[in-house]
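# Descriptive analysis of the structure
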Amino acid sequence: MSRQRSPHPARIRPAGQVVRGLSRFRRCRARPGRHDGDMAVIDLPRPSELLVPTLRAMRELGGSASINEIVETVVQREGFSDQQQSQLHNQGPQTEVGYRLAWTRTRLKLMGLLTNSSRGVWALTDEGAALVNDSALPDELQRERIHDRWIAYVGELRAGPGKRRTLGDDDAEPITPEESDEASEVRGWKEHLLHELMAMTPDGFERLAQRLLREANFDSVAVTGKSGDGGIDGLGVYRLGLVSFPIFFQCKRYQGTVGSGAVRDFRGAMAGRGDKGLLITTGSFSADATKEANRAGAQPIDLIDGDHLCDLLKTYELGIRVETRTVEDVTVQPGFFADM
């Protein structure tokens, strides 16, 4: 049984002010945002402060997880508020929580505690698993060891000539070129794609969803929505072997976090018409929305957020061209020349 962490309150502070929490893991630097027309920020932990929560989330998830599972579990364990979950990174489309957790995963990988597959599944390494699964190690000592490992990692970067970079004036933590390239490569094309999706007309986005469902083996996909995003936008029949069942879908071009209210509204629109729904958005879903979608006794709603939508469009090559590059690793062998 994992221990529940205390929540992070969503405090609003003037831009530029450094917020100090109760411990070194709660201290974060403010970012500019908007609140009631004025510049304000919502406190969030820095990537280095999310190392421990991410590793413990991985332990809770059985040692491996998708990106969405990691984000949802960290959000629930840390008690992030709706305001914190809705805060966008650089005006979107990615949320600030998702952005910081992406950097956290990359750093844990470079520290040798996490690894990831080409299919986007992250897993604890043997060393990472040994660290977080040691039942004889008190939580505070475990936290200290992870923190000491992070400090050692930072020290190695600072000692290496020409390797130090920073995330900017508001998050001056050193990173390596490899770390920057790996995180920014995926973030770059997905941000570009999400911006293109946000620029589409509502009808165009619904037609894209229709095309995507057809590529994913749906039959008889029809766009039915005529009054915006307030109800059902379409219906398709999904075939699985010898059986088939209708699925209603709704499309939301949204920049930010979709809450549980949208899930309830969609389910209400489905009442008496179908038993299965699919909610597609360019944004993200709050933890409460995910919980509501899977609420026991209610009609199940499958959720596709912006990150997953990008992956699906890439898989089916809809508006995406994937080119495989071959990289040469050239190594000089001094012994060859010494034997000449």
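Residues numbered from 1 in each chain as written. Predicted model: local features only at pLDDT ≥ 70, side-chain atom pairs only at ≥ 80, totals over all residues. Heavy atoms only, no water.

Helix and strand content of the protein chain: 12 helices and 17 strands. In the protein chain, which comprises 340 residues, the share counted as buried stands at 44%. Taking all contacts inside the protein chain whose residues are at least 6 apart in sequence as the whole, residues at least 24 apart take part in 59%. (Helix = DSSP H or I, 4+ residues; strand = E, 2+ residues; numbered from the N terminus. Buried < 20%, exposed > 50% of the residue type's maximum accessible area, 1.4 Å probe, protein only. Contact = heavy atoms within 4.5 Å.)

Pairing within the open sheet is antiparallel, and its 3 strands lie in the order 6-8-7. Both edges of this open sheet fall to strand 6 (64-66) and strand 7 (114-116), since each of them pairs with a single strand only. Neighbour-to-neighbour, the strand axes of this sheet turn through a mean angle of 25°, independent of strand direction. Note that strand 6 and strand 8 (residues 121-124) share 3 bridges and pair antiparallel. Counterpart to Ala 65 in the pairing with strand 8 is Trp 122. Strands strand 6 and strand 8 of the sheet are contacted by helix 2 (residues 67-78), whose axis makes an angle of about 100° with strand 6. Lying over the sheet, helix 4 (residues 96-110) contacts strand 7 and strand 8, oriented at roughly 110° with respect to strand 7. (Pairing = 2+ DSSP bridges. Axes fitted to C-alpha atoms, helices over the stretch in contact; angles between N-to-C directions.)

Moving on, we get to helix 11 (residues 306-315). Every buried residue of helix 11 is accounted for by Gly 306, Leu 309, Cys 310, Leu 312 and Leu 313. Along helix 11, the residues classed as buried sweep out an arc of 165° about the axis, all on the same side. (Arc of directions from axis to C-beta.)

All right, on to the packing of aromatic side chains then. Counted by the stated rule, this structure contains 5 aromatic pairs. Measuring from centroid to centroid gives 6.2 Å for Tyr 99 and Trp 103, while their planes differ by 80°, and the two rings are edge-to-face. Taken together, the residues span about one helical turn, with Tyr 99 and Trp 103 both in helix 4 at a distance of 4 residues. Comparing Tyr 99 with Trp 103 shows no difference in burial state: the two are buried. Here the aromatic cluster, defined as three or more aromatic residues joined through ring pairs, consists of Phe 218, Tyr 238 and Phe 245. (Phe/Tyr/Trp six-rings, centres within 6.5 Å; stacked < 30°, edge-to-face > 60°.)

Closest axis-to-axis distance for the helix 8 (residues 202-215)/helix 11 pair is 11 Å, and the angle between their directions is 60°. Taken together, the axes of helix 8 and helix 11 are oblique relative to one another. Helix 11 is crossed by helix 8, and the crossing has left-handed handedness. Contacts between helix 8 and helix 11 involve Phe 205, Leu 208 and Leu 212 on the former and, on the latter, Leu 309, Leu 312 and Leu 313. A class-by-class count of the residues in the contact of helix 8 with helix 11 yields 6 nonpolar, no polar and no charged. (Parallel < 35°, antiparallel > 145°, perpendicular 65-115°, else oblique. Left-handed = near helix turned anticlockwise from the far one by under 90°. Nonpolar A, V, L, I, M, F, W, Y, C, P; charged D, E, K, R; others polar.)

The sheet built from 5 strands is open, its strands ordered 11-12-13-15-17 with mixed pairing. Looking at the sheet topology across the chains shown, the edges are occupied by strand 11 (218-223) and strand 17 (301-304). Across this sheet, the average inter-strand angle for adjacent strands is 25°, counted without regard to direction. Strand contacts of helix 11: strand 15 (277-281) and strand 17, with the helix running at about 75° to strand 17, the strand carrying the most contacts.

Among the nonpolar cores identified, the biggest contains 29 residues, and Leu 55, Met 58, Val 74, Leu 108, Met 111 and Leu 114 are the most heavily contacted of them. The contacts of Met 111, once residues within four sequence positions are left out, are Leu 51, Ile 146, Arg 149, Trp 150 and Tyr 153. Counting residues in each nonpolar core, the second largest holds 23 residues, with Phe 205, Ala 209, Ile 247 and Leu 313 among its members. (Core = buried A, V, L, I, M, F, W, Y, C linked by side-chain atoms within 4.5 Å.)

The backbone of Asn 217 shows a phi angle near 75°, a positive value even though the residue is not glycine. With respect to the helices and strands, the residue Asn 217 is situated in the loop between helix 8 and strand 11. Phi is positive for Ser 220, close to 50°, though the residue is something other than glycine.

Scanning all chains against the criterion turns up 12 salt bridges. We note a salt bridge from Lys 190 to Asp 311, for which the minimum N-O separation is 3.0 Å. Linking Lys 190 in helix 7 (residues 177-198) with Asp 311 in helix 11, this pair joins segments that are 121 residues apart in sequence. Look at Lys 190 and you get buried, because its relative accessible area is 10%. (Salt bridge = Lys/Arg side-chain N within 4 Å of Asp/Glu carboxyl O.)

This part covers the packing of helix 1 (residues 51-60) against helix 6 (residues 139-159). Across the interface, helix 1 lies against helix 6 with an axial gap of 10 Å and an inter-helix angle of 120°. Of the possible angle classes, the one that applies to helix 1 and helix 6 is oblique. Both helix 1 and helix 6 take part in a crossing whose hand is right-handed. Across the interface between the two elements, Leu 51, Val 52, Leu 55, Arg 56 and Arg 59 of helix 1 pack against Asp 139, Gln 142, Arg 143, Ile 146 and Trp 150 of helix 6. Of the residues in the contact of helix 1 with helix 6, the class split is 5 nonpolar, 1 polar and 4 charged.

This part takes up the pairing of strand 12 (residues 234-240). Sheet topology places strand 11 next to strand 12; 4 bridges connect them, and they run antiparallel. Bridge pairing in strand 12 links Asp 219 to Val 237. With 7 bridges joining them, strand 12 and strand 13 (residues 243-252) adopt antiparallel strand pairing. Across the sheet, residue Leu 235 finds its bridge partner in strand 13, namely Phe 248. Connecting the antiparallel pair strand 12 and strand 13 is a turn made up of 2 residues, with Gly 241 showing a positive phi of about 65°.

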